[in-house]
Amino acid sequence: MKPAQDVLPNVPTCEQDIADLERVWRHPRGIGGWLSYTTHQAIGMRYIVTAFVFLLAGGIEALLMRTQLALPNNTFLGPDRYNEIFTTHGTTMMFLFAVPMMEGFGIYLVPLMLGTRNVAFPRLNAFGYWMYLAGALFLYWGVFTNAAPDMGWFAYTPLSGPQFTPGKRADYWAQMITFTEVSAMCVAAELIATIFKQRAPRMSLNRIPLYVWAMLIQSFMVLFAMPAVMIASSFILSDRTVATHFVNPAEGGDPLLYQHVFWFFGHPEVYIIFIPALGFVSAIVSAHTRREVFGYTAMVLSQIANGFIAFGLWVHHMFATGLPQIGEAYFTASSLMIAITSGVQIFCWIATLWTGRPRFTTALHFVYGFIAIFVLGGMTGVMLASVPLDLQVHDTFFVVAHFHYVLIGGAVFPLMGAFYHWFPKMTGRLMDEFIGKLNFWVLFIGFNLTFFPMHILGLKGMPRRIYTYPPEAGWGPLNHLATIGAFILAIGGAIFLANVFWSRKYGRIAGNNPWDADSLEWAAASPPANYNFEYLPAATSRSPLWVPPEDRTFVTGLRNDRREVLVTTLMDAEPHHRYVLPPPSIWPFLTAVAVTIGFAGSVFNAWYVTWGSILTGICLIGWFWPRRPLELEP
Amino acid sequence: MQKRSLALAALLILSSCAGHQQSVVDPAGPQADRIAALWWFFFWLLVAIFIIVMAFAVWTLTRPNRGLEQEPLEARHRPSEQKETQLRRIVTGATVLTIIILFVLLVFSVGTGKAVSELGNKNNGLAIEVTGNQWWWQVQYLNSDPSQVLVDANEIHIPVGRPVLIRLRSNDVIHSFWVPNLHGKRDLIPSRVTTEWIEADKPGVYRGQCAEFCGLQHAHMILYVIAEPEAKFKAWFQHALQPAAAPSTPITQRGQQVFLNNACVYCHQIQGTTASGQNGPNLTHFGSRRGIAANTLPNTPGNLGGWILDPQTVKPGNHMATIAVNSQDLQPLIDYLESLK
């Protein structure tokens, strides 16, 4: 086989090629067809939309909590309802919004940025989405049948054990973890394979866009972190359903074992959420200042270091359990190290903004908002790394303020920027800039009004997760302020939604590259065709679209009459061979249904593990039924 | 941003003047004092760094805005090699500075941690065992002489100027012991014993509250540490060791009969009577306590009546049984319990 061959960019568009590509990559029709989609844009968009719905759900839960806490001795919510709502809020935001949203963007953007046509395992991709959706619906089935989890999103044992949380509340929570983590593992596997093997020719490792690096690191972190939480939730589940004794102290189990395993996942989880967001920031900064992000190598190395260090500091969530002195010093030091790697990135972005030619778009507004909020959250993070300070403010509203500063500031603000930045790519229309800036300011003010007072509340002794407080505690006025802020935040969210709906219909037509950005996704049409590119682009520089058009090169030689992609080598991305992706299939959906029957049923009856496994086996046979080569051609 | 930091400082100072409320920055003992000193060191240093970083970030806003129009490709911005080298130096310098500052913070933090943990090592210490229950605190003053062991609930009396070893255990789920004016948190973990030394410099009443989510009534698991001068503490202790005084008036005598003839005795102990239940708080000197239901309500006769008649409304989900006390019996019962000084 002859590898790809470079041609000039103004190669005449061949009508026949496009017709073939359109036919081969067309989505199947009908409801059965809709359940069979395997293109990365469709799956990525499904993730993004679903995760956004759960962001709204989590936001409504937050408003209910803030309403309850607005006044001392408020009776808007009782303790039981409040505990359900704060647990569901945390669970939703972590497992059903933040991680899937970042994965959705990754699935959508990574193949475009790499200049390929789909992810490496399209059917696994579809399966992962259905598992996520099933897990989310499973949890909310519990929420609406009075079985919402009520033991906090990290479900410490023995509180979450059979003795103290009877009923099915903790089981719904624990099994939802299994669903969403299966989904996350699928995404991680396919993104790693795609990034390693399907890059545009000549996109050597040192030319990968920073956002793609972020997704690569995040995917590796998912591979190592998610098994830990599945083990932790399985401890709870099997202690509850088949009376094992892993973490139930009444039976000789160890509650601290659970905490170690959970936080071995739980801390990397935070970086799994915000490392992709740092990738957004890099992409937005370089596009909107029109210069490459300063210090590419330093950025990549600090992100990799971040990924490693993330696994070495879980114990700082457990300082109050009592540790030997040497352990305390070790985990303080490792926690402080995160400030170095994050600091390097902040410095590099500021240096980029400083020497670039900025265009103060809404997306860049969100970057500035991110820097302000995230750096403040980083400062409180440094405080929390110190054992004596942590012992004072751990499990108080100070910590609530801290992690909302790093998660909303560090992940949601870049995410909003990402929406404004890539909306034209996804829909073909620009979002309105005036509404966008209004949106930014409302969110920024609302956010700080909500969460800044919580620092002071924590220092004044207000523990987190209390459903009410007496007036004499003196926490009333600041809580009231925070509640007002929360409603302003909600207005910001509504403005964003309005902008999305308005711009989708009436926004300015974007064209392929409205921002003059540098990475390959902007070479595709807006919105991209199912096959992304008629001719796969090659990456002749780190900023392939800032190379003069006559120097850009493209790949030809792929067959257009089947779903073919180009596989390149790991280090230098030299063209290696062509690879045929499978056609759309209903089997990933059916397999997800079978696995769901097994997972969901096993909460009620252990035999469902068996029935689910049998059904899954049958579906996998269908999924992997050998095809004659001819059948690959539709 | 800067304004907000100053506002924080102002608010913190205000809150530290507010007196008896629980607060991290209003230390009343050597442990909390050391931690508060570390806090202010971290606070001012990090505020300064925050302001500097923000100043650099805001400075970039002064760059000319190139607007939304598309530009020719040649307009791609590439600063001169000299400028890049200069930037590299600045970023490297900032990173090195970050590392140095973090190292200083690490040294101070570990030093404070070590100093705080050594504060309790004195000979005249007092040992108190605190046991967490959903949702109240059992307090037991330990002594090698069994006649000097005292069981109390939801209040800890300590002598000023003497270190106190708090031994922490839990009967059910994980709780966390936290009296911010005296020291940081320590978890109460079932199947384990954890410890913490506290000490009060000045007399006062310090509020604390369970800090690890422990179920329905996590919000209402409050305790007070009452620090008194040594003599006053000794007097209190000797009084508290005494069994409950026999009721002296007809109405309190009747109240005692109501207590002893109802299910109260299955859970509560009143020394000097036949009531010897161990599931709930010891009520021997109930009348002298500041609050009821783990300090959910102030200890007044009216609150007590409401609590006895309908505990599930006051503190939904708590484990106190609702006992049908008829209206003639209620007032004597309240009077009797309040007489247990």
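Residues numbered from 1 in each chain as written. Chains lettered and ligands numbered in written order. Predicted model: local features only at pLDDT ≥ 70, side-chain atom pairs only at ≥ 80, totals over all residues.

## A short note on the domain arrangement of chain B
In many analyses, interface size is given as the accessible surface area lost on bringing the parts together.
Residue and element names in this part refer to chain B.
Then, in step 1: Taken as a whole, chain B is organised into domain 1 (30-117), domain 2 (127-240) and domain 3 (250-338).
Then, in step 2: Once you take the C-alpha centre of each, domain 1 and domain 2 turn out to be 42 Å apart.
Then, in step 3: Contacts between the two partners involve four residues from domain 1, matched on the other side by nine residues from domain 2.
Then, in step 4: When its residues are assigned to classes, the side of domain 1 that touches domain 2 shows three nonpolar, one polar and no charged. (Domains from an automatic or database assignment. Contact = placed C-beta atoms within 7 Å. Nonpolar A, V, L, I, M, F, W, Y, C, P; charged D, E, K, R; others polar.)

## Here's the deal with the pairing of strand β4 (residues 564-568) of chain A
Residues and elements named next belong to chain A.
Then, in step 1: The sheet contact formed by β4 and strand β5 (residues 575-580) spans five bridges and is antiparallel. Bridge assignment links Glu 564 to a residue of β5, and that residue is Val 580.
Then, in step 2: Connecting β4 to the next strand, β5, in antiparallel fashion are six residues, including Ala 573 with a positive phi near 55°. (Pairing = 2+ DSSP bridges. Helix = DSSP H or I, 4+ residues; strand = E, 2+ residues; numbered from the N terminus.)

## Remarks on the environment of His268(B)
Residue and element names in this part refer to chain B.
Then, in step 1: Within the secondary structure, His 268 is located in the loop between α6 (264-267) and β11 (291-292).
Then, in step 2: Note on His 268: 22 C-beta atoms within 10 Å, which makes it buried.
Then, in step 3: Separated by 87 residues in the primary sequence, His 268 and Asn 181 have C-alpha atoms spaced 31 Å apart.
Then, in step 4: Residues within four places of His 268 in sequence aside, it is in contact with Ala 275, Gly 277, Gly 280, Pro 281 and Leu 283. (Buried ≥ 20, exposed ≤ 12 C-beta atoms within 10 Å, placed from the backbone.)

## Structural notes on the packing of helix α4 (residues 79-114) of chain A against helix α5 (residues 122-144) of chain A
Residue and element names in this part refer to chain A.
Then, in step 1: Across the interface, α4 lies against α5 with an axial gap of 12 Å and an inter-helix angle of 165°. Classified by the interaxial angle, the pair formed by α4 and α5 is roughly antiparallel. By crossing handedness, the relation of α4 to α5 is classed as left-handed. Residue-level inspection shows Thr 88, Thr 91, Leu 96, Pro 100 and Ile 107 of α4 in contact with α5, the latter providing Asn 125, Tyr 132, Ala 136, Leu 139 and Val 143. (Axes fitted to C-alpha atoms, helices over the stretch in contact; angles between N-to-C directions. Parallel < 35°, antiparallel > 145°, perpendicular 65-115°, else oblique. Left-handed = near helix turned anticlockwise from the far one by under 90°.)

## Remarks on the confidence of the model for chain B
Fine structural detail should not be taken from predicted coordinates in areas where pLDDT scores are low.
Then, in step 1: Looking at chain B, pLDDT values average 89 and 91% of them are 70 or higher.
Then, in step 2: Listed scores for the predicted complex are pTM 0.93 and ipTM 0.92. (pLDDT = per-residue confidence, 0-100.)

## A look at the sheet that holds strand β4 (residues 155-159) of chain B
Residue and element names in this part refer to chain B.
Then, in step 1: Within the open sheet, the three strands sit side by side as β4-β10-β9. Their pairing is mixed. The open sheet terminates on both sides in strands that have one partner only, identified here as β4 and β9 (204-209). In this sheet, neighbouring strand axes are inclined to one another by 20° on average, regardless of whether the strands run parallel or antiparallel.
Then, in step 2: In this structure, β4 lies alongside strand β10 (residues 222-228), joined through five bridges in parallel fashion. Bridging across to β10, Pro 159 finds its partner in Glu 228.
Then, in step 3: Here helix α4 (residues 230-241) sits on the sheet and contacts β4 and β10; the angle it forms with β4, its principal contact strand, is near 135°.

## Considerations on the interface of chain A and chain B
Then, in step 1: Opposite the 78 residues of chain A that make contact, chain B presents 78 residues.
Then, in step 2: Of all the secondary-structure elements, those providing two or more residues to the side of chain A that touches chain B are α4, α8 (255-289), α10 (325-355), α11 (362-385), α12 (387-393) and α14 (433-459) of chain A.
Then, in step 3: No other element matches the 18 residues that α10(A) contributes to the side of chain A that touches chain B.
Then, in step 4: When its residues are assigned to classes, the side of chain A that touches chain B shows 48 nonpolar, 20 polar and ten charged.

## As for the packing of α10(A) against helix α3 (residues 81-118) of chain B
Then, in step 1: Where α10(A) contacts α3(B), the axes come no closer than 9 Å and their chain directions differ by 155°. Judged by the inter-axis angle, α10(A) sits roughly antiparallel to α3(B). Classified by chirality, the crossing of α3(B) by α10(A) is right-handed.
Then, in step 2: The residue inventory of the contact of α10(A) with α3(B), partitioned by class, reads 17 nonpolar, nine polar and three charged.

## Some points on helix α16 (residues 587-602) of chain A
Every α-helical turn comprises 3.6 residues, leaving residues that sit three or four positions apart pointing alike.
All names here are of chain A.
Then, in step 1: Its 16 residues give α16 an end-to-end C-alpha distance of 22 Å, which sits within 8% of 22 Å, the value for a rise of 1.5 Å per residue.
Then, in step 2: In terms of residue burial, α16 counts as a mostly covered element, since twelve of its 16 residues are buried.
Then, in step 3: Taken residue by residue, α16 has Trp 587, Pro 588, Phe 589, Leu 590, Thr 591, Ala 592, Ala 594, Val 595, Thr 596, Phe 599, Ala 600 and Ser 602 as its buried positions.
Then, in step 4: Packing partners of the buried residues in α16 comprise α5, α6 (169-197) and α17 (608-623). (Expected span 1.5 Å × (residues − 1).)

## A word on the environment of Tyr579(A)
All names here are of chain A.
Then, in step 1: Residue placement: Tyr 579 occurs in strand β5.
Then, in step 2: With 15 C-beta atoms packed within 10 Å, Tyr 579 lands in the partly exposed category.
Then, in step 3: When sequence neighbours within four positions are dropped, the list of residues in contact with Tyr 579 reads Glu 564, Val 565 and Val 567.

## Thoughts on the pairing of strand β1 (residues 126-133) of chain B
Residues and elements named next belong to chain B.
Then, in step 1: Relative to strand β5 (residues 164-170), β1 is paired through seven bridges, and the arrangement is parallel. Bridged to Ala 127 within β5 is Leu 165.
Then, in step 2: As judged from the six bridges shared by β1 and strand β2 (residues 136-141), these two strands associate in the antiparallel manner. Each residue of the ladder has a partner; that of Thr 131, found in β2, is Gln 138.

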